[in-house]
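What the coordinates show
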Amino acid sequence: METITSKQDIGSVRIAQEVVATIAGLAATEVEGVTAMSGGLGGGIAEMLGRKNLTRGVKVEVGEREAAIDLNIIVNFGSRIPEVAKRVQENVKRSIESMTGLTVVEVNVHIQGVNFPTPEAKEDDRVR
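Residues numbered from 1 in each chain as written. Predicted model: local features only at pLDDT ≥ 70, side-chain atom pairs only at ≥ 80, totals over all residues. Heavy atoms only, no water.

So, on to the environment of Asn108. Tracing the backbone shows Asn108 in strand E7 (residues 103-115). Sequence-wise, Asn108 and Ala85 are 23 residues apart; in three dimensions their C-alpha atoms are separated by 8.8 Å. (Helix = DSSP H or I, 4+ residues; strand = E, 2+ residues; numbered from the N terminus.)

Before going further, it helps to examine the packing of helix H1 (residues 17-29) against helix H2 (residues 81-100). Between H1 and H2, whose axes approach to 8 Å, the crossing angle comes to 140°. Regarding the angle of H1 to H2, the classification is oblique. Crossing hand, H1 versus H2: right-handed. Judged by residue contacts, Val20, Ile23, Ala24, Ala27 and Ala28 of H1 engage Val88, Asn91, Val92, Ser95, Ile96, Met99 and Thr100 from H2. Its residues assigned to classes, the contact of H1 with H2 comprises 9 nonpolar, 3 polar and no charged. (Axes fitted to C-alpha atoms, helices over the stretch in contact; angles between N-to-C directions. Parallel < 35°, antiparallel > 145°, perpendicular 65-115°, else oblique. Left-handed = near helix turned anticlockwise from the far one by under 90°. Contact = heavy atoms within 4.5 Å. Nonpolar A, V, L, I, M, F, W, Y, C, P; charged D, E, K, R; others polar.)

Right, let's get into H2. Along its 20 residues, H2 runs 28 Å from first to last C-alpha, staying within 8% of the 28 Å computed at 1.5 Å per residue. Considered for burial, the residues of H2 that qualify are Val84, Ala85, Val88, Asn91, Val92, Ser95, Ile96 and Thr100. The arc that holds the buried residues of H2, viewed along the axis, is 135°, so those residues lie on one side. Structural note: H2 exposes Pro82, Arg94 and Ser98 on the side pointing more than 90 degrees away from its buried face. The elements touched by buried residues of H2 are strand E2 (11-16), H1, strand E3 (34-37), strand E6 (66-76) and E7. (Expected span 1.5 Å × (residues − 1). Buried < 20%, exposed > 50% of the residue type's maximum accessible area, 1.4 Å probe, protein only. Arc of directions from axis to C-beta.)

The buried fraction of E6 is high, at 9 of 11 residues. Two elements, E3 and E6, share 3 bridges in a ladder whose sense is antiparallel. By the bridge assignment, Ala36 is partnered in E6 with Ile74. Pairing of strand E5 (residues 58-62) with E6, which is carried by 5 bridges, proceeds in the antiparallel orientation. Looking across to E6, one finds that Val60 is bridged to Ile69. The hairpin formed by E5 and E6 contains 3 residues between the paired strands. Of the pairings in the sheet, the one linking E6 to E7 comprises 11 bridges and is parallel in character. (Pairing = 2+ DSSP bridges.)

See below:
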């Protein structure tokens, strides 16, 4: 596990890259229109939203002061993909910069699929 180290007057601060990836994953899933994070082209089945694996579909490259993020997401059918992607970029950048102090130089959003709504089973209106 790689870490980001920052020297301070009274010591150093270390942030694991997995922490940055978790922040990015959570920020992406907060955006309306994002259904799930995807493991990428070879990842197979997308994992539905949840807090258990927020780093799935997130690749982070971190230097001493800068970070670059790649996200693989699945969007809801009917969402305007360019708008969802832009909101994901903005939310991820804002979250990482405010929580870690790193400068985010790029947030690349890869749309891996579209989630179609499942038809809900109709309940029988008859009295039993």
